[in-house]
Amino acid sequence: MSESFYVTTPIYYVNDVPHIGHAYTTIAADVLARYHRSQGHRTRFLTGTDEHGQKIFKASKAQGLKPIELANQVVERFRVLWDRLGISFDDFIRTTQDRHAQVVQNIWKRVEGNGDIYLGSYEGWYCTGCEEYYTESTMDEGNLCPIHKTPLERLKEKSYFFRMSKYANALLEHIERHPEFIQPEIRKNEIVSFVKDGLRDLSVSRTSFDWGIKVPGDPEHVIYVWIDALTNYISGLGWNGTDRGGELFEQFWPAVHLIGKDILRFHAVYWPTLLMSAGLPLPKTVYAHGWWTVEGEKMSKSLRNVVEPHALVDAYGKDPVRYFLLREVPFGLDGDFSHHAIIGRINAELANDLGNLLRRSVTMAEKYTDSMAPKPGEQNELDKGLMNTAVASARDSARHLDNYAFHKALVSIWELVRAVNRYIDEAAPWTLYKKGERERLGTVIFHILEAIRWVAVMIGPFMPDTARTICEQLGISDDDEHMMRKSIEQWAGLAVGSRVKKGPALFPRIEPDRAKVLIFQFTEPLAESKQEHAVEDKMINIDDLKKVDLRLGLVKEAERIPKSKKLLKLMIDLGEEEPRQVVAGIGLAYTPEQLVGKRLLVVANLEPVKLMGVESKGMVMAAGPGGENVVVAQFDGELPAGESVH
Ligand code: MSP
């Protein structure tokens, strides 16, 4: 029996329309699904929507809709977008479907049957945005949600609890034994230290609203939305409540879950412990990718910089968008979306490297070999070199995809693309043609076309339409066999005599004028909203200015704050009895050593705040866009610490 592969995306909340964050995970999952299908593996790809819980309930009320009406509208938006992005999911699960509710109730009953559910009461600080309780130590100063920075609600309710604490050791053991379980490594370490701090039992029901799946036997309670949501991964396989789980479950479980790093704990702690209690195998892998910012800023509605995937497809086309998102940023890391960057890659890598390659190759075949793939003669060293590069590229790109390193897979494929371009320059078919060296010419043209076919097969999972167009131009009939990985296990799979035919350019270049228009269109709303914010901020008078206690601060000590790339803890002499502790987000631009002894400009009367649990009593002034590009304001000379600035 062939290998099987099951990949999932998170199921998306229906209170918001889709943006590139959602598109990103879904495209990545699609690439994996297509890749595994092309390997001949039995493959299943599940996506869907998360429709219960207080967040959706509140959002629907705000729009004067019933929750299900809102859900129905937004689900449609997701479906249309997935269609446009060429997402080849096998099933789309909605948590409001009956088939799902039954499975959630079944898993509840199994966990309860194992003695792992009990009734208690819960009091805590709740964020509806996260659908999660925070404790005094995990929330932000001023009872704010650490993610949304909005006020938390103090809630007390009767609640069922899941004995999650019982499974802490078993989970740690599982993580230890299965290095592929939580990826990338940095996320695994986060979870290990979280679990080592001890797991509490988890509150798994709510009584304050009823938009959810009822607790079996106690309809006052609805099941906590995350338990409901996580179960989609097995309800999407029709898990039937037994150990074996039914046909699809037997075939496909365990899954590879692709998720964003913000929802790691739910997937790497809550979900596996629940499965343990239910006596079911844990997921094979939970892979948490990074977050996208946009032109250097966090995506947010108020900044009006949310990247709308339809607009991207309109501007750049489906395959280039898919390519860019996976090529630009290593999958586990955060990345920045910029129009300059996508235009740069489209022009250089897609239009120039790949598009031109196809065009010049097909043109040569039309002119030199009667629009046909010619019969190759004996290979010389140059030909062998090209063939070996193709073999290496196929091997490497597969290995990288097996490791979720999408960008590296593309880099490996582009090594072949560039090698074919070099091969053409070196083999110089035009000279062979002029000299009438027909046999050698045939060998060269064949090698070029065959190498391009390999490229098409390898890019198929990333850019399915492009791969198909290339095959068409190479005269390969549009059947699946030719798109399978095994068709590039051996060189010379291209049928001699296949008819080559030029088509429209694969990727039109984005000329500078058009680039300017696009960048203007996309970034204008952002600039406008910044201006609006600026106008709203009124002028201040001299008395306002005097309210700010600006002082010269001499840095006495500096150290990094553990687990933070950016934050430094500084001890600053402000002419007071003791140096002041100030946290500054300049750790990408400066090492702690560079700062000691500097005379900085410091706001001395700012309300204290806690940053990553460390108190900051002041602020260091600096200029620059952020990250590595920040410069602190500092004073020349030897003025004493604490000198006031005016
Ligand atoms: N409904 C839950 C998931 C339940 S899964 C059992 C949820 N939904 S969500 O719609 O809010 O988010 C879905 C995914 O989008 C998350 O994986 C999240 O990381 C991802 N992203 C949201 N914004 C993002 C970026 N700016 N960049 C990358 N991914 C981001 O959470």
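Residues numbered from 1 in each chain as written. Predicted model: local features only at pLDDT ≥ 70, side-chain atom pairs only at ≥ 80, totals over all residues. Heavy atoms only, no water.

This next bit is on the domain arrangement of the protein. Its domain assignment divides the protein into domain 1 (4–289), domain 2 (334–488) and domain 3 (540–646). One C-alpha centre belongs to domain 1, the other to domain 2, and the line joining them spans 41 Å. Listed by partner, the interface residues are 17 residues for domain 1 and 16 residues for domain 2. Summing the contributions of domain 1 and of domain 2, the shared interface buries around 1,300 Å²; its carbon and sulfur component is 66%. Ranking the residues of domain 1 by area buried against domain 2 places V31, Y35 and S38 at the top, with a combined share of 42%. There are one salt bridge connecting domain 1 and domain 2. Among the ionic pairs, K261 bridges to D334, the shortest N-O distance being 2.8 Å. (Domains from an automatic or database assignment. Contact = heavy atoms within 4.5 Å. Buried area = accessible area lost by both parts, 1.4 Å probe. Salt bridge = Lys/Arg side-chain N within 4 Å of Asp/Glu carboxyl O.)

This paragraph deals with helix α3 (residues 67–84). Because each turn of an α-helix spans 3.6 residues, side chains separated by three or four positions in sequence point in the same direction. The end-to-end C-alpha distance of α3, which contains 18 residues, comes to 26 Å, matching closely the 26 Å that a straight helix rising 1.5 Å per residue would cover. Within α3, burial applies to P67, L70, A71, V74, V75, F78, L81 and W82. Across the axial projection of α3, the buried residues extend over an arc of 125°, all falling on one side. Summarising the contacts, the buried residues of α3 are in contact with β2 (12–13), α1 (20–38), β3 (42–50), α2 (54–62), β4 (91–94) and α11 (309–316). Two residues or fewer past α3, G86 is found with a positive phi of approximately 70°. (Helix = DSSP H or I, 4+ residues; strand = E, 2+ residues; numbered from the N terminus. Expected span 1.5 Å × (residues − 1). Buried < 20%, exposed > 50% of the residue type's maximum accessible area, 1.4 Å probe, protein only. Arc of directions from axis to C-beta.)

What follows deals with the site of the ligand. Surveying the vicinity of the ligand reveals 23 residues, the closest of which are I11, D50, G260, D262 and W292. D262 is positioned such that a nitrogen or oxygen atom in its side chain is 2.4 Å from an oxygen atom of the ligand. Here the ligand has 670 Å² of accessible area as a free molecule, and 94% of this is covered by the chains. Of all the secondary-structure elements, those providing two or more residues to the shell around the ligand are β2, α1, α7 (225–230), α8 (232–235) and β13 (256–260). If one sorts the elements of the shell around the ligand by residue count, α7 sits on top with three residues. (Near = heavy atom within 4 Å. Polar contact = N/O pair within 3.5 Å; in protein donor to acceptor, adjacent residues only side chain to side chain. Areas by Shrake-Rupley, 256 points an atom, 1.4 Å probe, with all protein chains shown as cover.)

Before going further, it helps to examine the sheet that holds strand β20 (residues 580–584). Reading across the sheet, the five strands line up as β20-β19-β18-β21-β24 and stay open at both edges, with antiparallel pairing between neighbours. Of all the strands in the sheet, the pair left with one neighbour each is β20 and β24 (619–620). Of the strand pairs in this sheet, strand β19 (residues 568–573) and β20 are connected by five bridges, and their pairing is antiparallel. Considered in β20, the bridge of M571 is made with Q581. (Pairing = 2+ DSSP bridges.)

Before going further, it helps to spend a moment on the pattern of salt bridges. One pass over the structure, following the stated rule, counts 38 salt bridges. When the shortest N-O distance is used, the salt bridge between R94 and E51 registers 2.7 Å. Taken together, the residues span a long stretch of sequence, with R94 in strand β4 and E51 in the loop between β3 and α2 at a distance of 43 residues. E51 sits in the buried class, given a relative accessible area of 0%. With a shortest N-O distance of 2.9 Å, E450 and R453 are connected by a salt bridge. Pair noted here: E450 and R453 are both in helix α17 (residues 438–459), with a separation of three residues, about one helical turn. Residue E450 shares its accessibility class with R453, and that shared class is buried.

The next thing to look at is the pairing of strand β21 (residues 599–603). Here β21 lies mainly inside the structure; five of its five residues are buried. Here β21 shows no split at all, with R599, L601 and V603 on one side and L600 and V602 on the other all buried. Of the strand pairs in this sheet, strand β18 (residues 550–560) and β21 are connected by five bridges, and their pairing is antiparallel. Bridging across to β21, G553 finds its partner in L600. Bridge count between β21 and β24: two bridges; the pairing is antiparallel. If you follow V603 over to β24, its bridge partner there is M619.

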